[in-house]
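# Chains, contacts and geometry: an overview
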Amino acid sequence: MSVPADLLGVHRIDGPSDMEELGRTLGRALEPGDVVVLTGPLGAGKTTLTRGIGEGLGIRGPVQSPTFVIARTHPSLVGGTPLVHVDAYRLGAAVELDDLDIDVAGSAVIVEWGRGVAEYLADTWWEIEIDREVGGRGVDNACGEIAPHTLDLDADAPRTVTISRRP
Ligand SMILES: Nc1ncnc2c1ncn2[C@@H]1O[C@H](COP(=O)(O)OP(=O)(O)O)[C@@H](O)[C@H]1O
Ligand SMILES: [Mg+2]
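Residues numbered from 1 in each chain as written. Chains lettered and ligands numbered in written order. Predicted model: local features only at pLDDT ≥ 70, side-chain atom pairs only at ≥ 80, totals over all residues. Heavy atoms only, no water.

The name an unreviewed UniProt entry gives the chain is tRNA threonylcarbamoyladenosine biosynthesis protein TsaE, with Microbacterium testaceum as the organism. The chain has a UniProt comment under Subcellular location (unreviewed entry) that states "Cytoplasm". Recorded in UniProt under Sequence similarities (unreviewed entry), the annotation for the chain is "Belongs to the TsaE family." (UniProt positions renumbered as here; feature names shortened; annotations may be inferred.)

## Details of the pattern of salt bridges
Under the definition given, this model contains 8 salt bridges. With its nearest N and O atoms 3.9 Å apart, the salt bridge here joins E20 to R24. One end of the pair, E20, and the other, R24, are both in helix α1 (residues 16-29), 4 residues apart, so they sit about a helical turn from each other. Overall, the relative accessible area of 21% leaves R24 in the partly exposed class. Between E55 and R24 there is a salt bridge, with its nearest N and O atoms 2.8 Å apart. (Salt bridge = Lys/Arg side-chain N within 4 Å of Asp/Glu carboxyl O. Helix = DSSP H or I, 4+ residues; strand = E, 2+ residues; numbered from the N terminus. Buried < 20%, exposed > 50% of the residue type's maximum accessible area, 1.4 Å probe, protein only.)

## With respect to α1
Here α1 contains 14 residues, and its C-alpha end-to-end distance of 20 Å stays within 8% of the 20 Å for a straight helix at 1.5 Å per residue. Check the buried side of α1 and you find it contacts β1 (9-13), α2 (46-57), β6 (125-132) and β7 (159-166). (Expected span 1.5 Å × (residues − 1). Contact = heavy atoms within 4.5 Å.)

## Comments concerning the confidence of the model for the chain
Caution is warranted with low-pLDDT regions, since their predicted coordinates should not be read in detail. Chain-level statistics for the chain give a pLDDT mean of 87 and a share of 84% at 70 or above. Across residues 137-141 the pLDDT falls below 50, and counting only partners more than four positions away or on other chains, this stretch makes 11 contacts in the model. (pLDDT = per-residue confidence, 0-100.)

## Focus: the coordination of the magnesium ion (ligand 2)
The magnesium ion (ligand 2) binds to the protein through T47 (OG1) and E112 (OE); the donor distances cover 2.2 to 2.5 Å. With a gap of 65 residues between them, T47 in helix α2 and E112 in strand β5 (residues 108-112) connect regions that are remote in the sequence. Neither residue differs from the other here; T47 and E112 are each classed as buried. (Donors = N, O, S within 2.8 Å, 3.2 Å for Na, K, Ca; no water.)

So this is what it looks like as structure tokens:
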């Protein structure tokens, strides 16, 4: 249990710098073999959180949205744990994940869009779910009350971050 118990539960994150700070705290706690699954809609802040995690681990950056690269390994600059940053969005099957040959035991693995994927990597993992706050700006809903052109995904707005131990 490398992520301290007091980080489990719901966090209200007011802006990107708070998101990076939460990431740094997590990154300082992560150890080889840890798997973290990030879920949340596009623009939720998954990559922003991962950037902070990378800083906390002391890895070589830059951490970028890995959409065009399925998995990127960032070596540690301080003789510590490397970060493997995976974008599972386009992974069709667990078989493909297998093909990536990720060194789970020797790395901290962060999987964006990883729900349903983590169980192929580890027996236990952390799930971090990021939501734009209900009632806040940039919340889309099934009723279509917010016209798409009014959505500014990059505008600072609170996020709700829920950290849980799985399964
Ligand atoms: N509270 C917040 N936490 C994180 N990012 C936020 C927040 N408010 C606004 N943002 C903005 O939302 C965007 C999140 O982008 P990114 O981290 O790439 O999302 P994702 O990887 O989930 O698609 C950034 O432009 C960031 O500045
Ligand atoms: Mg991203």
